[in-house]
Amino acid sequence: MPIVIDENLDPSLYPLAWLVGAWEGTGAVQLKGEDGEEVGRAIEQRLTVTPDSSGGLTWVMRTWVLDSPAPEPPTSAFYEKGEEGSDATQQSGEADIVRELLLEEKGTWRTTGVLPGQDEEAAKNAKPGSPESYLSHGVSLTMERSSAFGEAPAEHWAGEVRGPRIQLATQDLATSSSAAGSGDSHGARMFGLVGGRLMWLQEVGSSLSNLRPYLSVELNRAADEDVKEA
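Residue numbers here run from 1 along each chain, matching the order of that chain's written sequence. Local features in a predicted model are, by the rule used here, given only for residues with pLDDT of at least 70; side-chain atom pairs are given and counted only at 80 or more, and totals for whole chains, interfaces and linings are based on all residues. Heavy atoms throughout the structure, all of them, feed into the side-chain values; hydrogens and water do not.

K.L.:
Help me get a handle on the packing of aromatic side chains, residues and values and all.
P.N.:
Between two aromatic rings, the relevant description is the distance of the centres plus the angle of the planes. Between 30 and 60 degrees the pair is tilted, below 30 it is stacked and above 60 it is edge-to-face, where a pair is any two Phe, Tyr or Trp rings, Trp via its six-membered ring, whose centres lie within 6.5 Å. In total, this model carries five aromatic pairs according to the counting rule given. A centroid spacing of 5.0 Å and a plane angle of 15° characterise the contact between Phe-191 and Trp-200, whose relative ring orientation is stacked. In this structure an aromatic cluster arises from ring pairing among Trp-59, Trp-109, Phe-191 and Trp-200. The criterion is that NZ of a Lys, or CZ of an Arg, lies within 6 Å of the ring centre and within 35 degrees of the ring normal, and then a charge sits over that ring. Against the face of Trp-64 rests Arg-46, its NZ or CZ located 4.9 Å from the ring centre. Sitting above the plane of the Trp-157 ring, Arg-189 keeps its charged end 4.8 Å from the centroid.

Here is the structure:
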């Protein structure tokens, strides 16, 4: 479906126009249990992406962990058959679910221009919304994070956006923000707009060639006034 661009948006942010707005939904996170083994847990996430006066996009994300197992795929990358996943969650009443704030991120998205080696003229003449009409742009996300595991220094992510897809990577993942392991200094994030829903996941590891799933969510657009603090 075509991506609607706010006419008031800075032109440099057009490649990220589909990310702008308020989002909320559910997913899963991989946390260490009392025995030290990693366990999938259900989460709720709410985020807002809004233009700022500096030509960037302000990113505010809050994630709560729930006292229930991780849901079934495709939301969770950690669910294993035989576990009581989404059924256990669905049978619990809303009032019975205990939420605990797990992560809070605040940062800024920026684009760095069209990446070299592309045919800009062909993209301009292609049918709007077609794969041929998209150009890859450099993109960055600089953010600070607080979590149930303590404060973390600023993180710097960089990558590319092409159409409704973003890929980011970092080599300075704040270890206090990664519940999966203190040695996880590298991370990757992948975002996609699929059928009007924002899906994104994060992987962590000791190197970019040795990553494993950490967090995955599926979010729906929400009215700004509906995205409230718990």
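K.L.:
Can you break down the pairing of strand E9 (residues 197–207) residue by residue, with the values?
P.N.:
Here, any two strands with at least 2 DSSP bridges between them count as paired. Only DSSP runs of H or I with at least four residues qualify as helices, and only runs of E with at least two residues qualify as strands; both kinds are numbered from the N terminus onward. Relative to E9, strand E8 (residues 186–194) runs antiparallel, the two being bridged by nine bridges. Residue pairing in the sheet places Gly-187 in a bridge with Val-204 of E9. Between the end of E8 and the start of E9, which pair antiparallel, lie two residues, with Gly-195 showing a positive phi angle near 60°. With nine bridges connecting them, E9 and strand E10 (residues 210–222) associate as antiparallel partners. Residue Ser-207 lies in a different strand from E10, and its bridge partner there is Asn-210. Two successive antiparallel strands, E9 and E10, enclose a turn made up of two residues.

K.L.:
Tell me about the nonpolar core, and name the residues and values.
P.N.:
In a soluble, globular protein the nonpolar side chains are often hidden away together inside. Counting 36 residues, the largest nonpolar core has Trp-59, Trp-109, Ile-166, Phe-191 and Trp-200 as the members making the most contacts within it. Here, two residues are considered to be in contact whenever any of their heavy atoms come within 4.5 Å of each other. For Trp-109, the residues in contact, after removing those within four places along its chain, are Leu-16, Leu-19, Gly-56, Leu-57, Trp-59, Val-139, Ser-140, Leu-141, Ile-166, Leu-168 and Phe-191. By convention a nonpolar core is built from buried Ala, Val, Leu, Ile, Met, Phe, Trp, Tyr and Cys residues, the set being connected through side-chain atoms within 4.5 Å. Exposed residues in this analysis have more than 50% of their type's maximum accessible area, buried residues have under 20%, and partly exposed residues fall in between, with area computed by a 1.4 Å probe over protein chains only.

K.L.:
How would you sum up the pattern of salt bridges? Please name residues and give values.
P.N.:
Within this document, salt bridges are pairs made up of a side-chain nitrogen of Lys or Arg and a carboxyl oxygen of Asp or Glu, the two lying within 4 Å of each other. Applying the stated criterion across every chain, the model contains eight salt bridges. As a salt-bridge pair, Arg-212 and Glu-38 come within 3.2 Å of each other at their nearest N and O atoms. Of this pair, Arg-212 sits in strand E10 while Glu-38 sits in strand E2 (residues 38–51); the two residues are 174 residues apart in sequence, bridging distant segments of the chain. Taking the shortest distance from any N to any O, the salt bridge between Arg-189 and Glu-105 comes out at 2.5 Å. With Arg-189 in strand E8 and Glu-105 in strand E4 (residues 99–114), this residue pair connects regions lying 84 residues apart in the sequence. Here the two residues Arg-189 and Glu-105 agree in accessibility, since each one is buried. Three or more residues are tied together by salt bridges with common partners; here these are Glu-105, Arg-145, Glu-155 and Arg-189.

K.L.:
Outline the environment of Thr-170, listing residues and values.
P.N.:
Along the chain, the position of Thr-170 falls in strand E7 (residues 165–170). Separated by 38 residues in the primary sequence, Thr-170 and Leu-208 have C-alpha atoms spaced 8.4 Å apart. Sequence-distant contacts of Thr-170, defined by excluding residues within four places in its chain, comprise His-156, Trp-157, Ser-185, His-186, Gly-187 and Leu-208. Any pair of nitrogen or oxygen atoms within 3.5 Å is treated as a polar contact; in protein, a donor-acceptor pairing is required on top of that, and neighbouring residues in sequence qualify only through side-chain atoms on both sides. Within the structure, the side chain of Thr-170 is placed 2.4 Å from the side chain of Asp-172, a separation counted as a polar contact.

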